[in-house]
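Chain by chain, the residues run as shown.
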Amino acid sequence: MTYADTRMNVRYGASKAIAMVEAMMRSTMWRRIDVVGTDACSVNRNGTSRVISGMAVYVVENSPVRIAYSVTCNDEWVCSAATVQRWIGADRVDLVLVKQDDGTWTSNDKVVDAVDELLDIDLGFTPATNTNTNTNAIKRLQLGIGDQAEFTAVWLDDETWTFKPLKQRYERLNENTYRYTSINSGYEANLTVDGFGFVRVYPEYWKAVIA
């Protein structure tokens, strides 16, 4: 093999490695519409798992809020764990949510009521896990245009900072639009998504600023 051949093989190998990394990683950033704030999020592989991680920074009642988060899923986008670290001034919340082998979910080692065997995690403060449940609706449920599905997610209420069940419905209106309904409250929003499943526009709350 000549030197030129070796260089070509190295370049090919490097290009292939870069393509594989790019295929494994997606990222985006959102801007808050209702208040000052942003949220940067990425989806990466960690062995056989997919990890959605990010950081939301915004203002609540004239105080800065910083929240770091991660959600772990398998290849079918079934969730198994999440972490949340939030501070507002001196007030701090650290949460570790884990699905146990018996199907129960625990938050900081305490069993969460009424969420046994649920497959999805929805963190109420970020569109990343609207993306996650959207991604589940897109990739796991494979909704066709006009189809809809209902399921219950393990939802983090960002007012009480506790996990609880939340019934949801997704209806696919067209190629890139899903109608989201919170069945408990009746809240509805038409979410625009990209080809991967990241939310592009969440009316009144978030808008993507990076593709």
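Look above for the structure.
Residues numbered from 1 in each chain as written. Predicted model: local features only at pLDDT ≥ 70, side-chain atom pairs only at ≥ 80, totals over all residues. Heavy atoms only, no water.

Notes on the overall build of the protein chain
Okay, step 1: What the protein chain contains, in helices and strands, is two helices and 15 strands.
Okay, step 2: A separation threshold of at least 6 residues defines the contact pool for the protein chain, and within that pool the share at least 24 residues apart is 40%.
Okay, step 3: A total of about 11,200 Å² of accessible surface is found on the protein chain, and carbon and sulfur atoms cover 52% of it. (Helix = DSSP H or I, 4+ residues; strand = E, 2+ residues; numbered from the N terminus. Contact = heavy atoms within 4.5 Å. Areas by Shrake-Rupley, 256 points an atom, 1.4 Å probe, with all protein chains shown as cover.)

Thoughts on the pattern of salt bridges
Okay, step 1: Summed over the entire model, instances satisfying the criterion amount to nine salt bridges.
Okay, step 2: The shortest N-O distance in the salt bridge between Asp157 and Lys164 comes to 3.1 Å.
Okay, step 3: The exposure class of Lys164 is partly exposed, given its relative accessible area of 27%.
Okay, step 4: Here Glu171 ties to Arg179 by a salt bridge, and the two come within 3.2 Å at their closest N and O atoms.
Okay, step 5: Taking relative accessible area as the criterion, Arg179 reaches 27% and is therefore assigned partly exposed. (Salt bridge = Lys/Arg side-chain N within 4 Å of Asp/Glu carboxyl O. Buried < 20%, exposed > 50% of the residue type's maximum accessible area, 1.4 Å probe, protein only.)

With respect to the packing of aromatic side chains
Okay, step 1: In the structure shown here, the tally under the stated rule is nine aromatic pairs.
Okay, step 2: Taking the centre distance of 6.1 Å and the plane angle of 75° together, the rings of Trp77 and Phe196 count as edge-to-face. Placement of Trp77 in the loop between β4 (63-73) and β5 (79-88) and of Phe196 in the loop between β13 (188-193) and β14 (199-202) is noted, with a sequence separation of 119 residues between them.
Okay, step 3: Exposure remark for Trp77: the relative accessible area of 3% places this residue in the buried category.
Okay, step 4: On the basis of relative accessible area, Phe196 is assigned to the buried category, the value being 11%.
Okay, step 5: Each residue in the set Trp30, Trp77, Phe196 and Phe198 is aromatic and connected to the rest through ring pairs, giving one cluster.
Okay, step 6: The ring of Tyr58 carries Arg32 above its face, with NZ or CZ at 4.6 Å from the centroid. (Phe/Tyr/Trp six-rings, centres within 6.5 Å; stacked < 30°, edge-to-face > 60°. Lys NZ or Arg CZ within 6 Å of the ring centre and 35° of its normal.)

A closer look at the pairing of strand β2 (residues 37-46)
Okay, step 1: Here strand β1 (residues 26-32) runs beside β2; their pairing, made up of six bridges, is antiparallel. The partner of Ser27 across the bridge, within β2, is Ser42.
Okay, step 2: Pairing between β2 and strand β3 (residues 49-60): ten bridges, direction antiparallel. By the bridge assignment for β3, Arg45 is matched with Arg50.
Okay, step 3: Counting the residues that bridge the hairpin from β2 to β3 gives two residues, and of these Gly47 lies at a positive phi of roughly 65°. (Pairing = 2+ DSSP bridges.)

Details of unusual backbone geometry
Okay, step 1: Unusually for a residue other than glycine, Asn62 sits at a positive phi of about 65°.
Okay, step 2: On the secondary structure map, Asn62 appears in the loop between β3 and β4.
Okay, step 3: Of note in this structure, Asn108 is not a glycine but carries a positive phi near 50°.
Okay, step 4: Topologically, Asn108 is positioned in the loop between β7 (105-107) and β8 (110-111).
Okay, step 5: Residue classification places Asn108 among the partly exposed positions, given a relative accessible area of 37%.

Here we look at a negative patch on the surface
Okay, step 1: Taken together, the side chains of Asp101, Asp102, Asp113, Asp116 and Glu117 define an acidic patch exposed on the protein surface.
Okay, step 2: Relative to the helices and strands, Asp101 resides in the loop between β6 (91-99) and β7.
Okay, step 3: You can call Asp101 exposed: its relative accessible area is 86%. (Patch = residues over 30% accessible without salt bridge, like charges linked within 9 Å, V, L, I, M, F, W, Y side chains within 5 Å. Lys, Arg positive; Asp, Glu negative; His and termini not counted. Charge placed at Lys NZ, Arg CZ, Asp CG, Glu CD.)

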